[in-house]
Amino acid sequence: MTPETAGVVIGTGEAVIFWILGPVALAGALGMVLSRNAVHSALWLVLTMLSLGVFYVVQEAPFLGAVQVIVYTGAIMILFLFVLMLVGRDSSDSVVETLRGQRVAALALGAGFAALVGAGIARATQDLPVLGLEQVQGGVGGPSSGNVEAVAGLLYTRYLLAFEVTGALLIVAAVGALLLTHVEREPGSRQTQKELSRARFLTDRPQTLPGPGVHARATSVAAPALLPDGRLAEDSFATGIEPEQVEQMPRPTGREQLGSPDAALGSLDPTLSDTPGGRTGGEHR
Amino acid sequence: MLSTYVPIVGLFALAAAFALFSVAVAPFVGPRRYNRAKLDAYECGIEPVDQPLTGGRFPVKYYLTAMLFIVFDIEIVFLYPWAVANDALGVWGLVAMVVFIGTVFLAFAYEWRRGGLEWD
């Protein structure tokens, strides 16, 4: 393989993957822009980013592919989703133009920016000789020392300033997040775990609080246990004592509010009441 | 070169085929005997609601966690090529990396000192 043609030859596998994943990446980008739900937008973007990661790998840049997946689909996407969840996932986007002519201006500026970037890249790469991967990567440890070494050789020498500025950018991001979200407390105003524990044991009720949904309605030994479907558990009846019906808490959200899966299934006992233990027929044998 | 990745593609295909097969076949071969108990929350669990009371929002504190995660994620990404090419880069690379880690650590130390990492 001569150096002139080395970068031009595109293997069959690469071509196949490009023509499959290229449209997929494009569809992901369009879906991100066009979907109404913000979470769906984020998921479309994940599709595009993963496709780009595969493209990197196919072009024999496995390190960049891994970085694409780890940083973009991992970290950046998580940040996007966090922001979505902070704002509230049901907040819909406004269809009212707050700035007059905003959309037209955005379209024109977007097209202009795309043209500018395209022209810039085209000019910069116009008469660039195609060297091939092995020639380009021969930077650090001799010819074709590898992907990661080639990246490192440029990143920490020629592009050192950009690398250190990235550190400054990370500082700005982290400190900005702290300043925006952190609420200062007076030193000592926060109770430690020890103090909280001591305060609890000084009350007349030193045990832990009950978990959700397990409030006991009776302390009597005559109160029977309930089966999951609301019937009384025979095994829990105390010997010689008539089981005492305990008034149950109403369920916080009845099934009727959530639609009726019981009716839809059609195979359920309709005589069961909505409160556990409050079985109206009294059928427990 | 690409043939290195053929096993991964095969694995993806296998996983997708298994998922599709399971979802498609389960309704036909699995028993379906529903009753009220099966639709209930397990034992003492609370009844599920489709929307939390806070309107489905996270506390804003998580944003700080996410930001720190990104900061360290990017730091690791930069550390990796430096570690691989350390022999070729020498002292220069070490100094560059120490300066970078120093700047990032500054933000971390500030956050720590201000109490941004304490949860409540």
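Residues numbered from 1 in each chain as written. Chains lettered and ligands numbered in written order. Predicted model: local features only at pLDDT ≥ 70, side-chain atom pairs only at ≥ 80, totals over all residues.

Observations concerning the UniProt feature "transmembrane region" (unreviewed entry) in chain B
All names here are of chain B. Using the residue numbers shown here, the UniProt feature "transmembrane region" (unreviewed entry) corresponds to residues 6–29, 62–83 and 89–110. The span residues 6–29 is 100% helix and 0% strand, and its two end C-alpha atoms sit 33 Å from each other. In residues 62–83, helix accounts for 100% and strand for 0%; the two terminal C-alpha atoms are 31 Å from one another. (UniProt positions renumbered as here; feature names shortened; annotations may be inferred. Helix = DSSP H or I, 4+ residues; strand = E, 2+ residues; numbered from the N terminus.)

So, the UniProt feature "transmembrane region" (unreviewed entry) in chain A
The residues that UniProt annotates with the feature "transmembrane region" (unreviewed entry) are residues 16–34, 41–58, 64–84, 104–122 and 159–180 of chain A. Note that residues 159–180 of chain A is 95% helix and 0% strand, and that its end C-alpha atoms are spaced 32 Å apart.

Quick word on the environment of proline 23 of chain A
Within the secondary structure layout, proline 23 of chain A lies in helix H2 (residues 12–34). With 25 residues separating them along the chain, proline 23 of chain A and threonine 48 of chain A place their C-alpha atoms 9.7 Å apart.

Considering the packing of helix H3 (residues 61–84) of chain B against helix H4 (residues 86–113) of chain B
Residues and elements named next belong to chain B. Running from N to C, H3 and H4 point in directions that differ by 170°, and their axes come no closer than 10 Å. As summarised for this structure, H3 and H4 are arranged roughly antiparallel, according to the angle between their axes. Contacts between H3 and H4 involve Val71, Glu75, Phe78, Trp82 and Ala83 from the former and Asn86, Leu89, Gly93, Met97, Phe100, Ile101, Val104 and Ala107 from the latter. A class-by-class count of the residues in the contact of H3 with H4 yields 10 nonpolar, 2 polar and 1 charged. (Axes fitted to C-alpha atoms, helices over the stretch in contact; angles between N-to-C directions. Parallel < 35°, antiparallel > 145°, perpendicular 65-115°, else oblique. Contact = placed C-beta atoms within 7 Å. Nonpolar A, V, L, I, M, F, W, Y, C, P; charged D, E, K, R; others polar.)

Some points on helix H7 (residues 147–155) of chain A
Most of H7 of chain A is tucked away, with 7 of its 9 residues classed as buried. Residues Val148, Glu149, Ala150, Val151, Ala152, Gly153 and Leu155 of chain A constitute the buried set of H7 of chain A. At its buried positions, H7 of chain A is contacted by helix H4 (62–87), helix H6 (133–136) and helix H8 (160–181) of chain A together with H3 and H4 of chain B. (Buried ≥ 20, exposed ≤ 12 C-beta atoms within 10 Å, placed from the backbone.)

Quick word on unusual backbone geometry
Note on backbone geometry: most residues besides glycine have negative phi, and most peptide bonds are trans. Residues and elements named next belong to chain A. Unusually for a residue other than glycine, glutamate 60 sits at a positive phi of about 60°. Counting through the fold element by element, glutamate 60 comes out in the loop between helix H3 (38–58) and H4. In this structure glutamate 60 comes out as partly exposed when scored by C-beta crowding, with 15 C-beta atoms within 10 Å.

Describing the packing of H8 of chain A against H3 of chain B
The N-to-C vectors of H8 of chain A and H3 of chain B enclose an angle of 170°; their axes lie 8 Å apart at closest approach. What the angle tells us is that H8 of chain A and H3 of chain B run roughly antiparallel. Contact with H8 of chain A, carried on its side by Phe163, Leu170, Ala173, Ala174, Ala177, Leu178 and Thr181 of chain A, involves Lys61, Tyr63, Leu64, Met67, Leu68, Val71, Ile74 and Phe78 of chain B of H3 of chain B and no other residues of that element. Residues that form the contact of H8 of chain A with H3 of chain B fall into these classes: 13 nonpolar, 1 polar and 1 charged.

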